[in-house]
Amino acid sequence: PADSAPAGSEVERPFSKVVVYGSGLMGSGIAQVAAQYNYQVTLVDLNQNMLDKGQGYIRSSLKRVARKKFADDASQQTAFVDNVMSRVKVSTDPVKPVEDADLVVEAIVENIKVKQSLFRSLDEAAPQHTVFTSNTSSLPIGQLLAATSDQRATQFAGLHFFNPVPQMKLVEVVKAATTSQQVVDSLTAFCQSIKKSPVHCNDTPGFIVNRLLVPYMMEALRMVDRGDASVRDVDTAMKLGAGYPMGPFELADYVGLDTLKFITDGWYKEGEGLVGDGLVAPSKRLDALVAAGNLGRKTGKGFYEY
Ligand code: 3HC
């Protein structure tokens, strides 16, 4: 059978039904990998248009995976894609899908009030055993779980994936002050069951990856602002001299310049000491690109044109 994960059957599977909120690139990617490894998934968003887009992302990514898996066999490729897609349900109902959920992964807009309000309503509708997680890249997990009941606070953690989700192996499992060790262990097993490599960290700004990556990108901007090197040469240097698959500007365009600005502005506003003095101070060059709507790959223009 064109199933995706016979290997998944021998690893521990701590959840059976997964509900993903937000059908953007991250949410769709998370729904995809969970479905690829045999979880029943519901992808939830505000309207059918967004869900159609999300299903489109999943289908085209699965086609890439299928082409590698079944190189010369078009019918096996189609069967694989259809089989995985059959495990991804979609819904525009904001709370109904959590009524029998084991794991919730939130990947909606990076706005603390909107996320808190979603978690508040999900907390009322979800069974006691349901584990809540957020894929936030820059908001404190402690502030998100504060919107839920005390019982849920032990069942709440960060679960941070990387773009492109189907390809990037890492997931950061973030333990907030109240997260139970049992929940950390279940999330670790979940990551392993979808063939990701989990790492663990406390609820600290940027977790591990963004805490290092974001100041690095901002330092690259400052270097270009000083006129010490060009955008292209900085990217070439980091690819060929440090082995990164993308240079900092290519990566910023890939992640989205609005996202980079959102993260740095948020940390900067909280006070310089939060991630280190001067590390995330605003950049005029970044601000100007964002103000002009040049947000990177998704708009066709950022540091580069696409
Ligand atoms: N779905 C499925 N597979 C995909 C994919 C997708 N959406 N995107 C890429 N791939 C696969 C390709 O099929 C290919 O597989 P193969 O090597 O087995 O044949 C492999 O990825 C490489 O893809 P390509 O050959 O098309 O292109 P590249 O070699 O240029 O790789 C890249 C593209 C994987 C994006 C690579 O450039 C890369 O790793 N870049 C760095 C990405 C990164 O650092 N991401 C983290 C960003 S930070 C973040 O997400 C945190 C957030 O909070 C801000």
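Residues numbered from 1 in each chain as written. Predicted model: local features only at pLDDT ≥ 70, side-chain atom pairs only at ≥ 80, totals over all residues.

A.B. asks: How do you make sense of the overall build of the protein when you look at a structure like this?
C.D. replies: Looking only at helices and strands, the protein features 12 helices and 8 strands. What you see for the protein is a C-alpha radius of gyration of 20 Å, in line with the 19 Å of a compact globule of 306 residues. Seen along its three principal axes, the alpha-carbon backbone of the protein occupies a region of about 55 × 55 × 35 Å. Per-residue burial for the protein yields a buried fraction of 42% across its 306 residues. Across the protein, every contact between residues at least 6 apart in sequence was considered, and the portion connecting residues at least 24 apart equals 67%. (Helix = DSSP H or I, 4+ residues; strand = E, 2+ residues; numbered from the N terminus. Rg over C-alpha atoms; globule rule 2.2 N^0.38 Å. Buried ≥ 20, exposed ≤ 12 C-beta atoms within 10 Å, placed from the backbone. Contact = placed C-beta atoms within 7 Å.)

A.B. asks: Where do I start with the site of the ligand in this structure?
C.D. replies: Inspection of the region around the ligand gives 18 residues, with S61, S137, P164, P166 and P245 positioned closest. Each residue belonging to the shell around the ligand can be placed in one class, and the counts come to 10 nonpolar, 6 polar and 2 charged. Here the shell around the ligand spans two domains, since at least three of its residues come from each of domain 1 (6–202) and domain 2 (210–299). (Near = placed C-beta within 6 Å. Nonpolar A, V, L, I, M, F, W, Y, C, P; charged D, E, K, R; others polar. Domains from an automatic or database assignment.)

A.B. asks: Which parts of the structure should I look at to understand the packing of helix 8 (residues 209–225) against helix 10 (residues 248–255)?
C.D. replies: Packing of helix 8 against helix 10 brings their axes to within 9 Å, and their N-to-C directions diverge by 120 degrees. What the angle tells us is that helix 8 and helix 10 run oblique. Considering how the two elements wind past one another, helix 8 and helix 10 form a crossing that is left-handed. Residues Y216, M217 and A220 of helix 8 touch helix 10, and the partners they reach there are P248, F249, L251 and A252. Its residues placed into classes, the contact of helix 8 with helix 10 shows 7 nonpolar, no polar and no charged. (Axes fitted to C-alpha atoms, helices over the stretch in contact; angles between N-to-C directions. Parallel < 35°, antiparallel > 145°, perpendicular 65-115°, else oblique. Left-handed = near helix turned anticlockwise from the far one by under 90°.)

A.B. asks: Can you walk me through the domain arrangement of the protein in this structure?
C.D. replies: When the domains of the protein are assigned, the result is domain 1 (6–202) and domain 2 (210–299). For domain 1 versus domain 2, the distance between C-alpha centres works out to 27 Å. Opposite the 4 residues of domain 1 that make contact, domain 2 presents 5 residues. A class-by-class count of the residues in the side of domain 1 that touches domain 2 yields no nonpolar, 3 polar and 1 charged.

A.B. asks: Just to check I follow, could you spell out unusual backbone geometry for this structure?
C.D. replies: Across the chain, the bulk of peptide bonds are trans and the bulk of non-glycine residues have phi less than zero. Cis geometry is found at the peptide bond from N163 to P164, where omega equals 0 degrees. Tracing the backbone shows P164 in the loop between strand 6 (156–160) and strand 7 (170–175). A positive phi is found at F207, a non-glycine position, where the angle reads about 50 degrees. Structurally, F207 can be placed in the loop between strand 8 (197–202) and helix 8.

A.B. asks: Looking at this model, I keep getting lost on the packing of helix 2 (residues 48–69) against helix 3 (residues 74–85). Mind explaining?
C.D. replies: Think of two packed helices as two axes; the pair is described by the angle between the axes and how far apart they sit. It is at 9 Å that the axes of helix 2 and helix 3 come closest, and there the two elements cross at 140 degrees. Between helix 2 and helix 3, the angle falls in the class oblique. With respect to the hand of their crossing, helix 2 and helix 3 are arranged in right-handed fashion. From helix 2, I58, R59, L62, K63, A66, R67 and K69 reach across to helix 3, where they touch Q77, F80, V81, V84 and M85. For the contact of helix 2 with helix 3, the class distribution of residues is 7 nonpolar, 1 polar and 4 charged.

A.B. asks: Where do I start with the UniProt feature "binding site: NAD(+)" (unreviewed entry) in the protein in this structure?
C.D. replies: Here the UniProt feature "binding site: NAD(+)" (unreviewed entry) sits at G22, S23, G24, L25, M26, G27, D45, E110, K115, S137, N163 and K298. Across 277 residues, the annotated set is spatially dispersed, with a maximum C-alpha separation of 23.4 Å. Assignment of secondary structure puts S137 in the loop between strand 5 (131–134) and helix 5 (141–145). With residues near it in sequence (within four places) discarded, S137 still touches H160, N210 and I263. In this structure N163 comes out as partly exposed when scored by C-beta crowding, with 16 C-beta atoms within 10 Å. What N163 contacts, discounting residues up to four positions off in sequence, is L25, M26, M168 and V255. (UniProt positions renumbered as here; feature names shortened; annotations may be inferred.)

A.B. asks: I would appreciate a short explanation of the nonpolar core in the present structure.
C.D. replies: It is characteristic of soluble globular proteins that their nonpolar side chains tend to be buried jointly. Judged by nonpolar contacts, the single largest core of 58 residues is most densely connected at V20, I30, A34 and V104. Sorting elements by how many residues they give to this core places helix 1 (residues 25–36) first, with 6 residues. In contact with I30, other than residues within four places in its own chain, are V20, V105, A107, N135, F161 and V165. V214, V234, I263 and F303 belong to the second-largest nonpolar core, a separate cluster that totals 23 residues. (Core = buried A, V, L, I, M, F, W, Y, C linked by C-beta atoms within 7 Å.)

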